[in-house]
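What the coordinates show
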Amino acid sequence: MRNNDLVTSATRQHRTPAATARPRLIATDLDGTLLRDDKSVSPRTVAALAAAEEAGIEVFFVTGRPARWMDVVSDHVHGHGLAICGNGAAVVDLHGGPGAHRFVKVRELARENALDAVRLLREAAPGTVYAVEQTYGFNQEPDYPKLHMEVPDVLRSAEELLGPDGPAADEPVLKILAFHPEMDPDAFLTLARVALGDRANVTRSSPSALLEISGPGVSKASTLALCCAERGISHEEVVAFGDMPNDVEMLTWAGQSYAMGNAHPDVVAAASGRTVANNDDGVAVVIEQLLAQAS
């Protein structure tokens, strides 16, 4: 089995909710999960994360965010200091604080696959517009809406951005963002998965019709599985938290998993358990319970 084949959207495990293995690693999404809606980490959550680390349980942040948006949690990493970013496209060392993040692992989207994805999705869903996320840069098409925290470095067509003479042509592409101004988000996701097949992995984490396209087999789950294998941690020893479709594979893979009270229906169906909403510190509630049971 190849590393990229560890977990895909087509290989869902069916498990009973109960898991008996003592947790060795907590994997949590950020937006809509660990973070409150105002993007803060509550004092209760900060304390729960620190207590987990003190008890010998590693904590991994596993997010669709790029590395440069990780400042909100940089102060809360302990020990290893690693985070999985870009839906599994990169593992980043957050030690050193803002501006000093280091890429430990990159699972890029090959430009040939990226160009195929752009073409096929344009044909399947006319009106789709794109942005390109690279390790250090963010570029977009002129018609792509202002959806993110930053001004793009370059405005060009996706074909130009991904071409051999495009900006930062020597820098890995982590993912493509595809937006449609009219389609239903879940319908757009289904259509894209059919259109792209095995050329790329497609998911979403936004309430709008914004898709995130990564390399084949690249997901939060598959990269988390690689990181756990390097540490001798089995999936039964992992507790995972999430709220959106880009968390489904990770929640299915983990021995114990929790959908937030505010989670998408697909996430609720995938998880083995449920906690309260992100604004009510749902991750902290479960961590506190896990630590109490272990004492």
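Residues numbered from 1 in each chain as written. Predicted model: local features only at pLDDT ≥ 70, side-chain atom pairs only at ≥ 80, totals over all residues. Heavy atoms only, no water.

A few points about the packing of helix α2 (residues 43-54) against helix α10 (residues 282-294)
We apply this condition: Simply put, an axis is a line fit to the C-alpha atoms, just over the touching stretch for a helix, and the angle between two N-to-C directions goes from 0 to 180 degrees. Note on conventions: DSSP H or I runs of at least 4 residues are helices, E runs of at least 2 residues are strands, and numbering of each starts at the N terminus. Crossing handedness is read from the near helix: turned anticlockwise from the far helix by less than a right angle, it gives a left-handed crossing, and turned clockwise, a right-handed one. Whether two residues touch is decided by their heavy atoms; if any such pair falls within 4.5 Å, the residues are in contact. Here the nonpolar group is Ala, Val, Leu, Ile, Met, Phe, Trp, Tyr, Cys and Pro; Asp, Glu, Lys and Arg are the charged ones; every other residue, Gly included, is treated as polar.
It is the contact of α2 with α10, at a shortest axis distance of 9 Å, that shows an interaxial angle of 35°. Two packed elements cross with a definite hand, and for α2 against α10 that hand is left-handed. On α10, the residues touching R44, T45, A48, L49, A51 and A52 of α2 are A284, V285, I287, E288 and L291. A breakdown of the residues in the contact of α2 with α10 according to their chemical character gives eight nonpolar, one polar and two charged.

Details of the pattern of salt bridges
Side chains that carry opposite charge are capable of pairing whenever their charged atoms lie near each other. Which entries qualify depends on this criterion: Each reported salt bridge corresponds to a side-chain nitrogen of Lys or Arg within 4 Å of a carboxyl oxygen of Asp or Glu. Between buried and exposed lies partly exposed: a residue is buried under 20% and exposed over 50% of the maximum accessible area for its type, with that area taken using a 1.4 Å probe on protein chains only.
Per the stated rule, a full pass over the model turns up 18 salt bridges. Of the charged contacts, one joins R119 and D116 as a salt bridge, the two residues approaching to 3.6 Å between their closest N and O atoms. Linking R119 with D116, this pair stays in helix α4 (residues 111-124), spanning three residues, or about one helical turn. A residue is classified by how much of its surface remains accessible, and R119, at 39% relative accessible area, is partly exposed. One salt bridge in this structure joins D186 and R204, with 2.9 Å as the shortest N-O distance. Of the two residues, D186 sits in helix α6 (residues 185-196) while R204 sits in the loop between β9 (201-203) and β10 (210-214), which places them 18 residues apart along the sequence. A relative accessible area of 31% means that D186 is categorised as partly exposed. Sharing partners across several salt bridges, the network here consists of E58, K105, E230 and R231.

Things to note about unusual backbone geometry
Phi is positive for A168, close to 50°, though the residue is something other than glycine. Take A168: it is sitting in the loop between α5 (158-162) and β8 (173-179). A168 gets classed as partly exposed once you look at its relative accessible area, which sits at 32%. Of note, D281 is a non-glycine position whose phi angle comes to about 65°, a positive value. For D281, the position within the fold is in the loop between β13 (273-274) and α10.

Topic: the packing of aromatic side chains
To be explicit about the condition: Stacked, edge-to-face and tilted are the three classes for Phe, Tyr and Trp ring pairs, Trp counted by its six-membered ring, which pair at centre distances within 6.5 Å; planes under 30 degrees apart are stacked, over 60 edge-to-face, the rest tilted.
Taken as a whole and judged by the stated rule, the model has two aromatic pairs. Between F103 and Y136, the ring centres sit 5.2 Å apart and the planes meet at 80°, which makes this aromatic pair edge-to-face. Of this pair, F103 sits in strand β5 (residues 102-106) while Y136 sits in the loop between β6 (129-134) and β7 (138-140), and the two are 33 residues apart along the sequence. Accessibility expressed as a relative area gives 18% for F103, which makes it buried.

So, the environment of V104
In this fold, V104 is placed in strand β5. On the basis of relative accessibility, which here comes to 43%, the residue V104 falls in the partly exposed class. Note: C-alpha distance between V104 and A90 (14 residues apart in sequence) is 7.4 Å. If we ignore the near neighbours within four places in the chain, the residues touching V104 are L82, V91, V92 and D93.

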